[in-house]
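Overview (structure and organization)
Here are the chains, one letter per residue:
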Amino acid sequence: MTTYVGESIPRNDGYDKVTGCGKFTADIYLPHMLYAKAVRSPYAHAKVLSIDTSKAEALHGVKAIITWENTKHIPFNTSATMVTTNPPEEPIRDQYIVTNEPLYIGDEVAAVAATSEAIAEQAVKLIRVEYEELPAVYDPLEAIKPEAVTLHPEIGKTEVNNACGVVVHIDVFQGDLEEHFKNCDHVVETDIELPRVKQCQMETHGAVADYKNGRLDVWCTTQTPHPTKMILAYALDMPESKVHVQNPPYVGGGFGVRIGISGKAEIIAAALAVEAHAPVKFIYTRAEDMLCSDTRHGGYLHCRLGADKNGKFMAMDTTAWLNTGAYATFGIELLGVCGACGTQGTYYIPANRYTGYPVYTNQETAGAFRGFGTPQGTAIVEAAVDKMAQVLGMDPIELRHLNTRREENPLGFWPFPVGSIGVDECLDRAALAIGWKEKRGRKQSGNIRRGVGIACGTHVSNAAPFCVDYNAIVMRLEQDGSLFVSSGIPEIGPGSTTALMQVACDLVGVPFESATMQFGDTAAGPFDIGSHATRTLYTVGYVMSCAAKKLRADIFGFASKMMEVPAEELDLKDGIVFGGGKEMTIKKLAYQAHLRGHQFIASECQIPPNSLPWFAQAAEVEVDMELGLVKVLKVAAAHDVGQVVNPVLCESQVEGGVAQGVGYATREEMTYVEGKGFYNDGFHKYMLPTADDICEIETILVESRDPYGVYGIKGIGECGVNPTLPAILSAVEDATGVRFEACPLVPGRVLSGLKKAGLVK
C-alpha cells in the first residue's frame, strides 16, 4: 500500500510559478555583467574570407568579441550524444563555438559582449564579414545524390553522400526479405512526407556564464546539467572539476530542444566570459530560438507491409530519409528510435527491416523533439496498417489486435524483456471513448463530413542500453527526521520533482510535507543524464528505490538498538518506526542519532531497466469539403503508464502531447524560402495551436503494473504526441475517402487532395 503514489498532490513548484516568484535564467543578474549578441550568417553555405571587428571594438561599452580566430578549434556536438554514445562508437563532432564556414542561414560566425544589449546589438552591426558563397542543398533526397555538395567532408566517406555519420540499419529476419514478401497474400505500400516543426517552449534558450580564477559557473536553460558541464569542459579544454552548471532552478519548457547545451547559449556566453573576464548573459530572442536551434526532423518515409490472407503480418520494410540540417546533434540516434520504436516495436512481424538516413542539408539543425523519432515511424507504419485493413476488408482495430506484440513474442530488436503490454486495452478503451462502432465508416454526403480514426504504438522509458544512461542519487534524513533528496535532474515543467518526492516518501516511509529535493545543479547532485526520453520519473524512481533500501536498513539498524527490537521486525511508515509492540517517531530517532554522531544517509548509482509504455489514440474530425478545413473535434488518448503516480500531472502530460500532435497534423510547418531561410521567425508567423484550437481531449490512464518499474510505473512524457498525427489522418480518410500522404493538413493541401480525388471541383 502506498500513501502518496496515486494521489494528485499539488506540485511543489506551483506557488513559485503562479506568483511569478520562480527564478529562470533571464532573472539571473551578476555584478558587472555583460550582455551578448551573435553575428549570424546570411548565407546557407559560405566561406568566411575575413572579419573586420575594428569598428565594433572601438565602440564604447564593447568588452569582448569572439571569432574563429580567437576561440578554441575543438570540434564538438551540442547535444548530449557528445557524452552518451556507447563505446566503441564515437559521437559525431562537427560543430565549433563559432565557425568560418557557415552551413545554414543563422549559423554563428562571431559574438560580442558589451555593457548593455543595445550596445551589443550596435556592435554586431559594425562587424564586417566578407563571405564567399558556396553551393547549398536543402532537401534530403537531393542531398544524398552523389553530385550534391558534401557538407561535412571531415567526417569521412559515408554509405551515401551527406549521411550524417552512418546509415541506420535494423534487420530482424532470417534469410532473404524478398522471399518473405513472396509468401505474403497481400502487400501494400505507403508514403508520407512530414514537416519540420518547432518545439516552441515558453522560455527561449539562455545562459549566464561567470569565469573567475580558472573556474566557470553557468546558469542556463539546459535539460541536462551534467552532460552540459561535460560538453563545455571539452569544448573549452577545461577540467570538468572547474565547470559548474545549474538551472536557476526552473526551466521554462524544453520538449527536447536543449538535451545538451541550449542552442549555443552556454558555450558562447562562456567563451565571451573567458575573453572578457566578466560575467556574460546571452538570451536568445524568439527569432533566434525559432531559426537557430534544433527542430523536429521533417522528411520522407516509405513502408511496404505484407500479410497473409487472414491479416497476420509477415514482412515489413520501412525506409526513412530525414532532414537533420547543418549539424548532426541527435541525427543518428533519432533515426534509430524512429526504427526501433516507431516501426519495429508495436507489432510482431517475423521479417522486419528498417533503414534510416539522417541527412545533412544547409538548413537549421533538426534534433530532439518530444517523441524523438517515434512520431515519424508511427505515422508511416499506422498508415500502412490502415491500408492493409482496407485491402483485407477488416476493421482496423481488429487487424491491430491480430498483430500487436505479445509478451511471448521473440524480443526482436529489443535487448531486454518487454514487460507489461497494455496496447490492446488502450485500443479498446480509446475506441469506446470515441464511439468507434457507431461512427466509423458512415456513408456521408454534403459539405461537412465527419470521420473517426485510430493509431497505436510504443516508446521507451529511457535510453538504456542504447546509449549511456544512468542515475546517481543521495538520500538523507536531516536531524529532524525530514527527508532530503539530491539529484542532478532538472525541473523543466512537467512536475517531475513533485511526483518523484511522492515516490521517495512512500519508499522511505516519511511524510511528504517535510521532504525536500535539490535538483538541477551539478555541484549539489551527483551525475544524472537529465530530463529526456520519457525517463525522469521512471529512472530516478528506480535509483531511489535502491537508495531507499539502504537508508531504511541504516535506520532500522540504529533503531534496533534504541528500541531494543530486532531490526528485521521493524517497519517505517508515515514517519513512525514501529515493531515489537513499540514505536518511535523518525524525528526523535534522527535527533538521537545526531546526538551520537550519526546521520542516516544513502547513495546509489544504477543503470535503470527499460519498460515500454504503450498507447492508442482515437480521433474524430470534421472536414469542410468546400474550404478544405480540418477541425479535430476530439481525441481519446489511452496510455499504458504502468502505474499512475500523480493523476493530474499524468493527464497533463498526455494532454500537452496531444495538443502538439494536433498542431503537427493540421497546422504547424516551418516554411523555407531559398536565399532567405525559414519564414517562421516568431509565433505570429507560425501556426501554433492556441487554446481556442484545442479539441476535447479524453485522457484514459491504463495501469498494467510493469514488473520492472518501481511500483509498476513506466515513462509518459513523450508518448502523448506519438500517435496523434496518424489517428487524425485515419479520421480524415474515414470522413472523405482520401488518404493524405503529406502534412500538415492545411486547407490548401486538403482542398488540392479532394480535387485530385474528384470529390470537389
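Along each chain, residues carry numbers from 1 onward, in the same order as the chain's sequence is written. It should be noted that, the model being predicted, local features are given only for residues of pLDDT at least 70 and side-chain atom pairs only at 80 or more, the latter also being counted only at that level, while totals for whole chains, interfaces and linings use all residues. With hydrogens and water stripped out, all remaining heavy atoms of the structure feed into the side-chain values.

All right, on to the sheet that holds strand β13 (residues 313-325) then. With mixed pairing, five strands are arranged side by side in an open sheet as β6-β14-β13-β12-β7. With partners counted over all chains shown, the strands left at the sheet margins are β6 (168-172) and β7 (186-194), one partner each. Averaged over neighbouring strand pairs, the angle between their axes works out to 5° when direction is ignored. Pairing of β7 with strand β12 (residues 298-307) involves nine bridges; the strand directions are antiparallel. Two strands are said to pair when DSSP picks up at least two bridges between them. The secondary structure listing takes helices from DSSP runs of H or I that are at least 4 residues long and strands from runs of E that are at least 2 residues long, numbered from the N terminus. Here an angle of 0 to 180 degrees is reported between the N-to-C directions of two axes, which are lines fitted to C-alpha atoms, with helices fitted over the stretch in contact.

This part covers helix α12 (residues 396-403). For every residue, the accessible area obtained with a 1.4 Å probe (protein chains only) is divided by the maximum for its type, and the residue is called buried under 20%, exposed over 50%, and partly exposed between those limits. Turning to α12, its buried residues number three or more, namely Pro396, Ile397, Leu399, Arg400 and Asn403. One side of α12 carries all its buried residues, which in axial view fall inside an arc of 160°. Here the buried face of α12 lies against β13, α11 (374-392), α13 (423-434), α14 (436-439) and β15 (448-458). N or O atoms closer than or at 3.5 Å make up a polar contact, with two conditions inside protein: a donor-capable atom paired with an acceptor-capable one, and, for residues adjacent in sequence, both atoms drawn from side chains. Among the residues of α12, the N-terminal cap falls to Asp395, whose side-chain oxygen and the backbone nitrogen of Ile397 are separated by 2.7 Å. It is the directions from the helix axis to the C-beta atoms whose arc is reported. It only takes one pair of heavy atoms within 4.5 Å for two residues to be counted as in contact.

This part is about the packing of aromatic side chains. Classification of ring pairs rests on two measures: the distance between centres of Phe, Tyr or Trp rings, Trp counted by its six-membered ring, which must be within 6.5 Å, and the angle between planes, read as stacked under 30 degrees, edge-to-face over 60 and tilted in between. Overall, the coordinates contain 15 aromatic pairs when judged by the stated rule. With a centroid separation of 5.1 Å and an interplanar angle of 40°, the aromatic rings of Tyr138 and Tyr672 are classed as tilted. Of this pair, Tyr138 sits in the loop between β5 (128-133) and α5 (140-143) while Tyr672 is found in strand β25 (residues 672-673), placing the two residues 534 residues apart along the sequence. Measuring from centroid to centroid gives 5.3 Å for Phe330 and Phe372, while their planes differ by 80°, and the two rings are edge-to-face. Of this pair, Phe330 sits in the loop between β13 and α10 (331-343) while Phe372 sits in the loop between β14 (351-360) and α11; the two residues are 42 residues apart in sequence, bridging distant segments of the chain. Look at Phe330 and you get buried, because its relative accessible area is 8%. On the accessibility criterion, Phe372 (13% relative accessible area) is buried. Ring pairs connect the aromatic residues Tyr138, Tyr672 and Phe678, which therefore count as one cluster. Here, a charge over a ring means that NZ of Lys or CZ of Arg falls within 6 Å of the ring centre while also lying within 35 degrees of the ring normal. Directly above the ring of Tyr29 sits Lys281, whose terminal nitrogen or CZ lies 3.7 Å from the centroid.

A separate point is unusual backbone geometry. Cis geometry marks the peptide bond from Pro248 to Pro249; its omega dihedral reads 20°. Among the structural elements, Pro249 can be located in the loop between β10 (243-246) and α8 (265-276). Residues Cys743 and Pro744 are joined by a peptide bond in cis, for which omega reads 5°. Along the chain, the position of Pro744 falls in the loop between α19 (724-736) and α20 (747-756). Even without being a glycine, Asp574 presents a positive backbone phi close to 55°.

What the second largest pocket holds in volume is close to 880 Å³. A cavity here means a set of 1 Å grid points, computed over protein atoms only, where a 1.4 Å probe fits but cannot escape. A pocket is an open set with protein on both sides within 12 Å along at least 5 of 7 lines, and lining residues have an atom within 4 Å of a point. Looking at the second largest pocket, it is lined by 39 residues, and the ones nearest its centre are Ile332, Glu333, Gly336, Phe466 and Cys467. Counting residues per element, the ones that place at least two in the lining of the second largest pocket are α3 (81-84), β6 and α10. Here the lining of the second largest pocket takes six residues from α10, the largest share from any one element. Here the lining of the second largest pocket is built from residues that sort into 23 nonpolar, 12 polar and four charged. Grid points are joined across faces, edges and corners, and a volume is the space filled by probe spheres set on the points. When residues are grouped by polarity, Ala, Val, Leu, Ile, Met, Phe, Trp, Tyr, Cys and Pro land in nonpolar, Asp, Glu, Lys and Arg in charged, and all others, Gly among them, in polar.

Attention now moves to the pattern of salt bridges. If charged atoms from side chains of opposite charge come close, those side chains can pair. Here, a salt bridge means any side-chain nitrogen of Lys or Arg that lies within 4 Å of a carboxyl oxygen of Asp or Glu. Inspection of every chain in the model, using the stated rule, returns 38 salt bridges. Asp289 is paired through a salt bridge with Lys198; the nearest N and O atoms lie 4.0 Å apart. Of this pair, Asp289 sits in helix α9 (residues 286-291) while Lys198 sits in the loop between β7 and β8 (206-212), and the two are 91 residues apart along the sequence. We note that Asp289, like Lys198, is buried. For Asp386, the salt bridge goes to Arg739, with nearest N and O atoms at 2.8 Å. Of this pair, Asp386 sits in helix α11 while Arg739 sits in the loop between α19 and α20, placing them 353 residues apart in sequence.

Where the parts come together, the accessible area they lose is often given as the size of the interface. The source of the domain bounds is an automatic or database domain assignment. Each assigned domain of the protein chain is listed with its residue range as follows: domain 1 (25-134 + 202-253 + 258-292), domain 2 (157-194 + 298-414), domain 3 (417-466 + 611-760) and domain 4 (470-606). Averaged C-alpha coordinates put domain 3 and domain 4 at centres separated by 39 Å. At the junction of domain 3 and domain 4, the tally comes to six residue pairs in polar contact (both at pLDDT 80 or more). Each residue belonging to the side of domain 3 that touches domain 4 can be placed in one class, and the counts come to 10 nonpolar, nine polar and two charged.

What follows covers the UniProt feature "domain: Aldehyde oxidase/xanthine dehydrogenase a/b hammerhead" (unreviewed entry) in the protein chain. UniProt positions are given in the numbering used here, feature names are shortened, and annotations may be inferred rather than shown by experiment. Here, the residues flagged by UniProt with the feature "domain: Aldehyde oxidase/xanthine dehydrogenase a/b hammerhead" (unreviewed entry) are residues 19-135. The span residues 19-135 is 16% helix and 28% strand, and its two end C-alpha atoms sit 52 Å from each other.

Here we take up the environment of Pro135. By secondary structure assignment, the location of Pro135 is in the loop between β5 and α5. Separated by 91 residues in sequence, Pro135 and Ala44 have C-alpha atoms that sit 8.5 Å apart. Those residues in contact with Pro135 that sit more than four places away from it in its chain are His45, Val149 and Asn362.

As for its placement among the helices and strands, Thr84 is situated in helix α3. Taking the relative accessible area as the measure of exposure, Thr84 reaches 5% and is therefore buried. Once residues lying within four places of it in the same chain are set aside, the contact partners of Thr84 are Cys467, Val468 and Ile529.

Here we come to empty space enclosed by the protein. Scanning all chains against the criterion turns up two cavities of 30 Å³ or more. The space that makes up the largest cavity amounts to roughly 190 Å³. As for the largest cavity, its lining consists of 21 residues, of which Thr78, Gln95, Gly263, Ser293 and Asp294 are closest to the centre. Of the residues belonging to the lining of the largest cavity, the class tally is eight nonpolar, eight polar and five charged. Three or more residues apiece are contributed to the lining of the largest cavity by two domains, here domain 1 (25-134 + 202-253 + 258-292) and domain 2 (157-194 + 298-414). Roughly 40 Å³ of internal volume is contained in the second largest cavity. As for the second largest cavity, its lining consists of Val197, Arg296, Phe369, Gln660, Tyr664 and Glu668.

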